[in-house]
Amino acid sequence: MKAAARYLYWLAWAQKGRVALGATLGTLWTVGLTLPPYLLSRAIDDNLAPGWVLALLGSGLANAWLAMMRHRTMTKIRMDANFRTVRALVEQINTLGADLTKRTSAGEVVTIGIGDVITIAAALTVTGPGVGAMISYGVVAALLLQVSVVLAVVVLLGVPVLAIVLGPLLGRLMKVQNGYRESQGRLTTRLVDLIEGLRVLNAFGGKDAYAERYLADSARLREQGYRVASLTSWIGALGVGLPALFLAAVTWLGARLAADGAITVGELVGVYGYIAMLVVPVSFFIEGSFQISHGLVAARQVTRFLALRPGDRPRSLGTLEITPGSLVGLVSARPEESVALLESLGGFDGTSLIADHDAALFAGTLREVLQGRGAADDETIRRAVTVAAAQDVVAGLRHGLDSMIEPAGRNLSGGQRQRVRLARALVADPEVLLAVEPTSALDAHTESLLAQRLRAARAGRTTVVATTSPLLLAHTDQVVLIEDGRVSATGTHRDLLESSDEYRTVVS
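Just so we're clear, the structure is a prediction, and the values are computed from it rather than from any experiment.

Caption draft 1: Examining the nonpolar core more closely. If you look at the biggest cluster of nonpolar residues, it comprises 33 residues, and the most contacted ones within it are L366, L370, I381, V420 and L426. Elements with a contribution of two residues or more to this core: α13 (366-371), α14 (378-387), α15 (391-396), α16 (414-428), β5 (432-436) and α17 (444-457). With six residues, α16 is the largest single contributor of residues to this core. Each residue touching L370, except ones within four places of it in the same chain, is listed here: I381, V385, L401, V420, A423, R424 and V427. In terms of nonpolar packing, the next biggest core, distinct from the first, is built from 23 residues, L89, L296, A298 and A299 among them.

Structure follows, in structure tokens:
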């Protein structure tokens, strides 16, 4: 939990000015809550003199203003922490790139983004009222010391006793929460897998079996949730009940002192007010402990994700020279080697674009999907669609380029999604295009047609494709054969077919 605690500290330190303001306002507000009881006691002992009444009214207005400013500042602190965490997560996702799916699951990323970010932001609340609660607690003890040493001692010892009682429960809650959070991430992953593979599961009749597994896991998660809720309810009940008993005991003690003549009637009214005011800091102590325990659990998941690093890239590939403006094929018996090399090449500068075969397709019209973040006109889009042999995709949709594409292209077939991805990359027209298996889901006729058009459309620009398709490799200027992470041979498709047994085995 050290990394999680450091992360929460970093979020607070990153906005230390605002945190200091929130703590100051929180302290002034909670300490200001002690003024009405004090002024009321003086007003009663002074026969309700107008000066004390006006002071009481002024303190109420001042506290109302402080409460609004404190709440406003704490909201800004939570939002700042929220946005900083989101930015850190987005930067990490960009850093991991294609390695993201290899390092963690989509379900875990969703769970972090939906739940953990908000929980961490809520934990920053303790930086404001939490500080004020501690200071106001001491102020109340000092005021009670002027009335009765016995009352002051009871108050000073009461809250530590509450902490001793609730401490073990909070520790147990954190442990149970960790287990619940881990199971929640796994279940979300399974749900994402179920949604993404629904069509395949239906085709093979596996939907019901997978749904049953999901229901069983969901039931187990529910039982864990009950354990978390049980502990939470006990902490909530004790958090309300114990302070009530504690404050009742202090009230009884104050009443006994007034009955014995040890304190005046005005001081007794003041004691009642101080005790009622103590509900605020005591509640903040308990609520703050609860929020911190939740925040540490959430921060632990976030720091784990931020600690992920991209996988190793091939370091020694022999001599690999790519002529600018050429079409080059990368061939390997292990496709992950070709993909890793493309990812390595794509990281050198900002002029390269990697067209992955499973790159995300976002919801929107087909025109918006193909435009990406650019502003290509319809003529450019149609040229790219033609090169990608995707005219039938546009023609098959009711409204053509204005047809809506569902998230992840769910209303398209596998081959259609592949051609749409390639068309989107061609619309971007990068200086260097790195494509991963751009024709693996296509029939031979469409694949041959696409290969011819791709060579002509990318004339004068560098294109590197990772593929084992002889139809596509036949149109390349150069083929690079990779074995065991190293370049073993280069040449044209025809030359390597004649000279390399390994090449013939892979492409056939």
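Read on for the rest.
Caption draft 2: View of α17. Between its first and last C-alpha atoms α17 spans 20 Å; for 14 residues at 1.5 Å apiece the expected length is 20 Å, and the two agree. When we look at burial in α17, the residues that qualify are T446, E447, L450, A451 and L454. An end-on view of α17 places all buried positions within 135° of arc, on one side of the element. Of the exposed residues in α17, those oriented more than 90 degrees away from the buried face are H445 and A456. Where the residues of α17 are buried, they touch α14, α16 and α18 (470-473). Near the N-terminus of α17, the side chain that reaches the backbone nitrogen of H445, with its oxygen 3.2 Å away, is that of D443.

Caption draft 3: The packing of helix α7 (residues 129-147) against helix α11 (residues 265-306), seen in detail. Look at α7 against α11: their axes get within 9 Å of each other, and the N-to-C directions meet at 155°. By the criterion of interaxial angle, the relationship of α7 to α11 is roughly antiparallel. The element α7 and its partner α11 pack so that their crossing is left-handed. The residues of α11 that touch α7, namely those facing P129, A133, M134, S136, Y137, V140, L143, L144 and V147, are E267, V271, Y274, M277, L278, P281, F284 and F285. Tallied by class, residues from the contact of α7 with α11 come to 15 nonpolar, one polar and one charged.

Procedures and definitions
- Residues numbered from 1 in each chain as written.
- Predicted model: local features only at pLDDT ≥ 70, side-chain atom pairs only at ≥ 80, totals over all residues.
- Heavy atoms only, no water.
- Core = buried A, V, L, I, M, F, W, Y, C linked by side-chain atoms within 4.5 Å.
- Buried < 20%, exposed > 50% of the residue type's maximum accessible area, 1.4 Å probe, protein only.
- Helix = DSSP H or I, 4+ residues; strand = E, 2+ residues; numbered from the N terminus.
- Contact = heavy atoms within 4.5 Å.
- Expected span 1.5 Å × (residues − 1).
- Arc of directions from axis to C-beta.
- Polar contact = N/O pair within 3.5 Å; in protein donor to acceptor, adjacent residues only side chain to side chain.
- Axes fitted to C-alpha atoms, helices over the stretch in contact; angles between N-to-C directions.
- Parallel < 35°, antiparallel > 145°, perpendicular 65-115°, else oblique.
- Left-handed = near helix turned anticlockwise from the far one by under 90°.
- Nonpolar A, V, L, I, M, F, W, Y, C, P; charged D, E, K, R; others polar.

The values are spatial; any link to function lies outside them.
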